[in-house]
Amino acid sequence: MKKILLLILLVIANFTGFSQKLEKMKQIEVDGFYTNPLVSPDGQHVLLTGRHFRGVYILELATKKIIQVTDKEGSGYGYSWDQNSDTVYFRQKEEKEYFNNAKAFSYSISTGRTVAMPELEVNTIASYHGTSKETNSQIVVYTNLATLKIEAKDLATKKSWIITSEEGQYYNALLSPDGSKVAVHKGADIYIYDITGNGKGKKIGTGLATSWSKDGKYLIGFLDESEDGHNVSNSDLYWFDIENGTVKKITRTEVLFEMFPSFVDNQTIIFSEDKSGAIYIANLKM
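Described below are features of the structure shown in this document. In every chain, residue numbers begin from 1 and rise along the written sequence. At least 70 in pLDDT is required for a residue's local features to be given in this predicted model, at least 80 for side-chain atom pairs to be given and counted, and no such filter applies to totals for whole chains, interfaces and linings, which use all residues. Only hydrogens and water are removed before side-chain values are computed, so all heavy atoms of the structure are retained for them.

**Some remarks on a negative patch on the surface**
Two joining distances apply to patches: 9 Å for like charges and 5 Å for nonpolar side chains (Val, Leu, Ile, Met, Phe, Trp, Tyr), and every residue must have over 30% relative accessible area and no salt bridge. Using a 1.4 Å probe, accessible areas were evaluated by the Shrake-Rupley method; residue-level cover was limited to the displayed protein chains. Here, a salt bridge means any Lys or Arg side-chain nitrogen found within 4 Å of an Asp or Glu carboxyl oxygen. His is not counted here, nor are the chain ends, while Lys and Arg score as positive and Asp and Glu score as negative. Every charge is mapped onto a representative atom, which is NZ of Lys, CZ of Arg, CG of Asp or CD of Glu. Residues Asp224, Glu225, Glu227, Asp228 and Glu254 make up a contiguous surface patch of negative charge. The residue Asp224 is located in strand β18 (residues 218-226) in this model. The cut-offs for exposure are 20% and 50% of the maximum accessible area for each residue type, with area from a 1.4 Å probe on protein chains only; residues under the lower value are buried, those over the upper are exposed, and the others partly exposed. For Asp224, a relative accessible area of 37% gives the class partly exposed. A run of H or I in DSSP counts as a helix once it spans at least four residues, and a run of E counts as a strand once it spans at least two, with each numbered from the N terminus.

The following block contains the structure:
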């Protein structure tokens, strides 16, 4: 009887961690294992990938319908949405090719067509959002694989420059919605840089940042743990206030391994659960 009571108390304690920062959390009922959700600009669709980042899928939130874009290995790394919320950009390689042979492709929801994009560099896909009619600036950010610095390039003018001029090895650049700031990673730490590359980076926390809020004031991400250095033993979501430099832990559970949160809007997020491959949606309660 004592063991049963203890188990009940542990479950209540785990889910109380959600209630502190999240509310109305529910699992999106879809069949399969999915991870790394990325919400479209209009909030109606979600890009997903499968186990070990294999394949690219699109979830329509209203109907829970899943569209398979590709089933290729490694295609779930660094994909992106066009500003029109209809087109997605991703990488793809053939079965006998190496990952550095991957090429850029686009897929349109409305037409169902996949088109090769030889003009688009693969390592810029994550920050590429199509051609804007409102501005001549087409800035993308990426890791220079030779120097491991974060660089920016204006695709309209072909001008490029270094963002992270300080010492260190950097990865996973995340461009803010207005294009003025870049979140970058150095080791386990997250820094914010001005898009111009002027000035030093501002450290805002530890973990992996995965999504900017629509107003560019906040980041969300996750921090996982490993007891043996190989297998994940826990993972929780975090909220980063860019202006004030404060960090809040959104979840505190051992039952679920929450990863890859993505803003739907400033009050709603979607994230994946690493053990089951389930996708959850919840309201922020900050």
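Now that the structure has been shown, the text picks up again.
**Here we look at the pattern of salt bridges**
Evaluated as defined, the whole model comprises six salt bridges. A salt bridge links Lys72 to Glu94, with the nearest nitrogen and oxygen atoms 3.6 Å apart. Of this pair, Lys72 sits in the loop between β5 (65-70) and β6 (80-81) while Glu94 sits in the loop between β7 (87-92) and β8 (103-108), placing them 22 residues apart in sequence.

**Comments concerning the environment of Glu151**
Among the secondary structure elements, Glu151 is positioned in strand β11 (residues 149-154). Classification of Glu151 as buried rests on a relative accessible area of 13%. By definition in these notes, contact holds between two residues if any of their heavy atoms fall within 4.5 Å. Aside from chain neighbours lying at most four places away, what touches Glu151 is Val140, Val141, Tyr142, Asn144, Trp161, Ile162 and Ile163. Side-chain polar atoms of Glu151 contact the side chain of Asn144, separated by 2.8 Å. N or O atoms within 3.5 Å of each other form a polar contact, as long as, within protein, one can give a hydrogen and the other can take it, and as long as residues adjacent in sequence are counted only when both atoms are side-chain atoms.

**Let's talk about the sheet that holds β11**
By definition, the strands of a sheet pair up through backbone hydrogen bonds, in either a parallel or an antiparallel sense. For two strands to count as paired, DSSP must find a minimum of two bridges between them. Pairing is antiparallel across the open sheet formed by three strands, whose spatial order is β10-β11-β12. Pairing within the sheet leaves two strands with one partner each, and these edge strands are β10 (139-144) and β12 (159-162). Put simply, the sheet's adjacent strands are angled 25° from each other on average, direction ignored. When β11 meets β12, the two strands line up antiparallel, connected through four bridges. Pairing of Lys153 across the sheet is with Ser160, part of β12. In this analysis an axis means a line fitted to C-alpha atoms, helices contributing only their contacting stretch, and an angle means the value between N-to-C directions, from 0 to 180 degrees.

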